[in-house]
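Reading the structure
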Amino acid sequence: MTTDSTTAKRGFHFKDITKMFGGGQSTLRQFGILGSLVVILVVFQVLTWIFKGTGLTLSSGNLINVVNQYSYILILAIGMVMVIIMGHIDLSVGSVAAFTGIVVAKAMQDWNLPWPLGILLGLGVGVLVGAWQGFWVAYVGVPAFIVTLAGMLFFRGANQAVGDSQSVPVPEGFKIIGAGYLPEIALPLPFNIPTMLLALAGVAWIVFWEIRTRRIQRKMGSDMAPLWVSVTKVVLISAVILVAGWLFATGREGTSFPISGVILLALVILYSFITNNTVFGRHIYAVGGNRQAARLSGVKDRWVDFFVMMNMSVLASLAGMIYVARATASGPQDGNGWELDAIASVFIGGAAVSGGIGTVIGSIIGGLVMAFLNNGLALLGAGADVVSMIKGLVLLFAVGVDVWNKQQGRPSIIGFLTRRLGRKQYPATDTFDPTKTNYPTSQKYEAPAVEETRGK
């Protein structure tokens with residue numbers, strides 16, 4: 001007797017919990033790191049309440065500050081996860097961000113360039129820098145580590161040369177992308193209306209996307225999570241969005257959800273769609289998982305290398321402009337250490353050291369872990385030395401767990417606890433089709449063995 005795979009299983013099964021946020025290797029790790037983020041928030045909320053007399057971590061003002069202070073790092077993490085999935089690394093993002101910032105600031109100061117055109121100029125600089133580095137990686141064959149190390153040195157020097165090692169202020173209009181907030185609407189309500197509307201839109205999107213996902217799974221005959229799992233997931237995520245929206249909307253007068261946060265949310269949605277639902281996104285995972293097999297399947301891996309590296313520089317340029325806008329000036333020390341924070345966010349968020357595995361959402365969660373670690377320790381009065389040591393240990397632990405579990409044949413600690421609960425089975429005859437977009441991003445693609453024939 002067989003059962004229809006499209007029918008959701010009835011009753012409670014512990015393994016169904018793993019389907020709440022996916023079920024593959026990286027999504028299981030993300031589930032664990034999401035739990036770590038919740039623990040960090042709760043611990044620092046309690047500690048600040050004990051030592052400071054009030055819980056500061058989840059206060060409106062602190063959440064607004066975290067978004068303002070770390071949005072540019074999270075933007076870098078979006079691009080960096082694609083680079084790392086490809087098996088590369090980019091050490092130049094901090095220097096590229098600083099170089100773009102000084103070029104834009106000088107153009108607006110010396111040439112009286114309007115700030116909207118300044119933003120376009122900055123993005124254009126990112127395209128040119130990315131094309132330069134992508135060319136060396138994709139078509140010359142120089143390892144990305146070396147190319148971007150050279151770029152880190154070159155563009156750091158270029159930043160100081162263009163700006164003469166001086167700070168260059170930016171005009172008021174430009175500051176909105178880094179220090180602006182959603183506008184107030186003159187209605188007698190005790191909260192910022194656009195912020196709450198944004199939160200409600202987020203809830204509506206979550207509901208729509210879950211319904212759409214279940215319909216697609218039913219149509220394709222995929223294994224579906226029980227209805228209670230979907231309902232629980234939607235309720236939990238919606239509650240978090242609404243509570244966060246309320247906290248952002250009820251901050252001190254003149255503040256609300258930051259414009260930099262709006263830009264970050266738009267990029268998360270865009271790049272999640274690209275990596276999950278486009279041919280190009282599937283090519284990134286295919287090349288990162290098995291370059292030779294992807295190439296034999298018709299994937300133009302050089303083009304993928306080129307565009308991924310170029311995209312990283314464009315996002316670095318955007319991050320640099322947001323930082324300069326918030327700081328109100330571009331300086332010679334901008335961007336120092338940003339590449340390390342971005343890389344750490346990606347690895348903590350579930351990306352594999354060997355490439356082929358990782359997601360945009362996971363990287364954002366990993367970046368938030370680092371952000372709230374920094375923020376919580378700062379609220380408790382910890383020095384920069386303590387913060388740096390703890391960040392180093394967290395990164396080492398995250399990558400160490402990935403490597404150790406890979407040696408043991410397990411995807412993660414949660415994979416160890418749940419064993420095969422999250423694994424999906426595919427027919428042994430499956431081969432990679434670069435035109436398909438429905439392969440799971442949470443699992444590293446393993447192509448069938450290809451027998452080489454030489455001299456024939």
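As a starting point, this report considers the structure included with it. (Residues numbered from 1 in each chain as written. Predicted model: local features only at pLDDT ≥ 70, side-chain atom pairs only at ≥ 80, totals over all residues. Heavy atoms only, no water.)

Some details on the overall build of the protein
Using the following cut-off: Counting from the N terminus, the helices are DSSP H or I runs at least four residues long and the strands are E runs at least two residues long. Whether two residues are in contact is decided by their heavy atoms, any of which lying within 4.5 Å being enough. Areas reported here follow the Shrake-Rupley algorithm with a probe of radius 1.4 Å; residue values treat only the protein chains shown as occluding.
Counting secondary structure elements, the protein contains 16 helices and two strands. Counted over contacts in the protein with a minimum sequence separation of 6, partners at least 24 positions apart contribute 79%. For the protein, the exposed area adds up to about 22,200 Å²; of that, 67% sits on carbon and sulfur atoms.

Considering helix α9 (residues 259-277)
Rules: Take the number of residues in a helix, subtract one, and multiply by 1.5 Å to get its expected span.
Look at α9: 27 Å from first C-alpha to last across 19 residues, which is about the 27 Å you get at 1.5 Å a residue. In this fold, the buried residues of α9 make contact with α2 (60-85), α6 (176-179), α10 (279-289), α12 (301-327) and α14 (360-379).

Section: the nonpolar core
Filter applied, for reference: Joining through side-chain atoms within 4.5 Å is the link that ties buried Ala, Val, Leu, Ile, Met, Phe, Trp, Tyr and Cys residues into a set, and such a set is a nonpolar core. Here the term buried applies to any residue with accessible area under 20% of the maximum for its type, exposed to any over 50%, and partly exposed to those in between, with areas from a 1.4 Å probe on protein chains only.
Judged by nonpolar contacts, the single largest core of 67 residues is most densely connected at Leu76, Ile78, Met80, Ile84 and Phe174. Ranked by the residues each element gives to this core, the list is headed by α2, at 13 residues. When neighbours within four sequence positions are excluded, Ile78 is seen to be in contact with Leu264, Leu267, Val268, Tyr271, Leu315, Val360 and Ile364. By size, the runner-up hydrophobic cluster in this structure holds 25 residues, among which are Phe248, Ala344, Val369 and Ala398.

A closer look at the pattern of salt bridges
To be explicit about the condition: Salt bridge, as used here: a side-chain nitrogen of Lys or Arg that lies within 4 Å of a carboxyl oxygen of Asp or Glu.
All chains considered together, the criterion is met by seven salt bridges. Asp301 is paired through a salt bridge with Arg291; the nearest N and O atoms lie 2.9 Å apart. Here the residue Asp301 occupies a position in helix α12, and Arg291 occupies one in helix α11 (residues 291-296), the gap between them amounting to 10 residues. A salt bridge links Asp305 to Arg291, with the nearest nitrogen and oxygen atoms 2.9 Å apart. Within this pair, whereas Asp305 is found in helix α12, its partner Arg291 is found in helix α11, the two being separated by 14 residues in sequence.

A short note on the packing of aromatic side chains
Formally: Any two rings among Phe, Tyr and Trp, with Trp reduced to its six-membered ring, count as a pair given centres within 6.5 Å; such a pair is stacked if its planes are under 30 degrees apart, edge-to-face if over 60, and tilted if neither.
For the coordinates displayed, the defined rule picks out 16 aromatic pairs. For the ring pair Trp205 and Phe208, a centre distance of 5.5 Å and an interplane angle of 45 degrees mean the geometry is tilted. Of this pair, Trp205 and Phe208 both sit in helix α7 (residues 193-220), three residues apart, roughly one helical turn. Overall, the relative accessible area of 44% leaves Phe208 in the partly exposed class. Ring pairing ties together the aromatic residues Trp132, Phe135, Trp136, Tyr139, Trp303, Phe306 and Phe307, which thus form one cluster.

A look at empty space enclosed by the protein
A probe matching the size of a water molecule, rolled over the atoms, marks out where space remains unfilled. Rule in force here: Put simply, the grid is 1 Å and covers the protein atoms alone, a cavity is a trapped set of points that fit a 1.4 Å probe, a pocket is an open set with protein on both sides within 12 Å along at least five of seven lines, and lining residues have an atom within 4 Å of a point. Grid points are joined across faces, edges and corners, and a volume is the space filled by probe spheres set on the points. Under the scheme applied here, ten amino acids are nonpolar (Ala, Val, Leu, Ile, Met, Phe, Trp, Tyr, Cys and Pro), four are charged (Asp, Glu, Lys and Arg), and all others, including Gly, are polar.
As enumerated under the stated definition, the model contains one cavity of 30 Å³ or more in all. Taken as a whole, the largest cavity holds about 60 Å³ of empty space. In this structure, the largest cavity is lined by Tyr70, Ile73, Leu74, Asp341, Ser345, Gly367, Met370, Ala371 and Asn374. Of all the secondary-structure elements, those providing two or more residues to the lining of the largest cavity are α2, α13 (338-348) and α14. In terms of residue count, α14 provides more of the lining of the largest cavity than any other element does, four residues in total. Within the lining of the largest cavity, the residues separate by chemical class into five nonpolar, three polar and one charged.

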